[in-house]
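# Close look at the chain arrangement
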Amino acid sequence: MIDDFAKEYLHSDLKEVRQVMLRKLDGLSEYAVRRPLTSTGTNLLGLVKHLAVAEARYFGEVFGRPFPEPVPRWDDLEQRGRDLWATEHESREEIISRYQRACAHSDATITALAIDSPGHVPWWPRPDVLLFNVLVHLLTETNRHAGHADILREQLDGAVEMDLAAHGRDAAFWQARRAEIERAAKAADATTAG
């Protein structure tokens, strides 16, 4: 039996990881938050924009509670992937604000519905779901992108989510750790040995 404790637990974790996502943008220039840092163009602001669409869609149309702003249709192949980056005409503030509005809409849906309320996700192989399924999915999706954001932010300026300096882990520590890992990788690779 899924109960209200599970609902509150999952919802609380989702709220927390949403804040992690937004903190990844703190203190960075417009270029840095938009800069493509992988071969597929992954960037920090694009991850937030993508999660705004996910929140609006999953806690909106899936439960018959449409988000009051336009959301690209899930089956519009022309729009697929356009939510993963910000154009020069979209401001950081606009994207963050939209994410916050989508999250507030999601929170209202989560609060209003029972954990076993039915929903329908037409793009899933088993489209008939419960609020529980969607909460787990969005928590997983947001955590996955928070992990991406951790790595992207570290690439940009070395910032990490935890306060590692309090544990004696300053830049010198990480430089030594990276060198140690590099030595181990080379030693394990038979093609570079000898």
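None of the values given here were measured: they were computed from a predicted structure.

### Some remarks on the overall build of the chain
The helix and strand tally for the chain stands at six helices and two strands. Overall, the chain shows an N-to-C arrangement of helices and strands of α-α-α-α-β-β-α-α. Considering only C-alpha atoms, the chain reaches an extent of 60 × 45 × 35 Å along its principal axes. Among the 194 residues that make up the chain, the fraction classed as buried is 36%. Once local pairs closer than 6 in sequence are excluded, the contacts in the chain between residues at least 24 apart make up 74%. When the accessible surface of the chain is totalled, it reaches about 11600 Å², and 56% of it is carbon and sulfur. If the 24 positive side-chain charges of the chain are averaged to one point and the 31 negative ones to another, these points end up 3 Å apart.

### Side note on the side chain of glutamate 90
Assignment of secondary structure puts glutamate 90 in the loop between helix H3 (44–58) and helix H4 (92–112). Judged by relative accessible area, glutamate 90 falls into the buried class, the value being 16%. In this structure the side chain of glutamate 90 is engaged in a polar contact, spanning 2.9 Å, whose partner is the side chain of lysine 49. In terms of polar contacts, glutamate 90 uses its side chain to reach the backbone amide nitrogen of threonine 87, at 2.8 Å. Residues within four places of glutamate 90 in sequence aside, it is in contact with Arg34, Lys49, Trp85 and Ile95.

### What to know about H3
With 15 residues, H3 should reach 21 Å at 1.5 Å per residue; the first-to-last C-alpha distance of 21 Å fits that figure. Counting buried residues along H3, 15 of its 15 residues qualify, which places the element largely inside the surrounding structure. One side-chain oxygen of the residue at the start of H3 lies 3.5 Å from the amide nitrogen of leucine 45, identifying that residue as asparagine 43.

### Some remarks on the nonpolar core
Of all hydrophobic cores here, the largest spans 40 residues; its most connected members are Phe59, Val134 and Leu135. For this core, the secondary-structure elements that each account for two or more residues are helix H1 (4–23), helix H2 (30–34), H3, H4 and helix H5 (131–157). Leave out the neighbours within four places in its chain, and valine 134 touches Tyr58, Phe59, Val62, Phe63, Val121 and Val129.

### So, the packing of aromatic side chains
In the structure shown here, the tally under the stated rule is three aromatic pairs. Aromatic pair tyrosine 58 and tryptophan 123: ring centres 5.4 Å apart, planes at 75°, arrangement edge-to-face. Of this pair, tyrosine 58 sits in helix H3 while tryptophan 123 sits in the loop between strand S1 (118–120) and strand S2 (128–130), and the two are 65 residues apart along the sequence. A relative accessible area of 8% places tyrosine 58 in the buried class. Taking the centre distance of 5.8 Å and the plane angle of 45° together, the rings of tyrosine 58 and tryptophan 124 count as tilted. Of the two residues, tyrosine 58 sits in helix H3 while tryptophan 124 sits in the loop between S1 and S2, which places them 66 residues apart along the sequence. Feature note: the residues Tyr58, Trp123 and Trp124 constitute an aromatic cluster, connected by ring pairs.

Criteria and cut-off values
Numbering of residues begins from 1 in every chain and follows the order in which that chain's sequence is written. Reporting in this predicted model follows two pLDDT cut-offs: at least 70 for local features of residues, and 80 or more for side-chain atom pairs to be given and counted; totals over whole chains, interfaces and linings ignore these cut-offs and use all residues. With hydrogens and water set aside, each side-chain value is computed from the structure's full complement of heavy atoms. For the purposes of this entry, the term helix denotes a DSSP run of H or I that reaches at least four residues, the term strand denotes a run of E that reaches at least two, and both are numbered from the N terminus. Burial here depends on accessible area, computed with a 1.4 Å probe over protein chains only, as a share of the maximum for the residue type. Under 20% is buried, over 50% is exposed, and the range in between is partly exposed. By the convention used here, residues are in contact when the closest approach between their heavy atoms is within 4.5 Å. Methods summary: accessible areas were calculated by the Shrake-Rupley approach with a probe of 1.4 Å, and residue burial reflects only the protein chains presented. Neither His nor the chain ends contribute to the count of charged residues, in which Lys and Arg are positive and Asp and Glu negative. By convention, the point assigned to a charge is CZ for Arg, NZ for Lys, CD for Glu and CG for Asp. We define a polar contact as two N or O atoms separated by no more than 3.5 Å, with the added condition that, inside protein, one atom must be a possible hydrogen donor and the other a possible acceptor, whereas residues neighbouring each other in sequence contribute only through side-chain atom pairs. Take the residue count of a helix, subtract one, and multiply by 1.5 Å to get its expected span. Throughout this description, the term nonpolar core refers to a set of buried Ala, Val, Leu, Ile, Met, Phe, Trp, Tyr and Cys residues connected via side-chain atoms within 4.5 Å. Stacked, edge-to-face and tilted are the three classes for Phe, Tyr and Trp ring pairs, Trp counted by its six-membered ring, which pair at centre distances within 6.5 Å; planes under 30 degrees apart are stacked, over 60 edge-to-face, the rest tilted.

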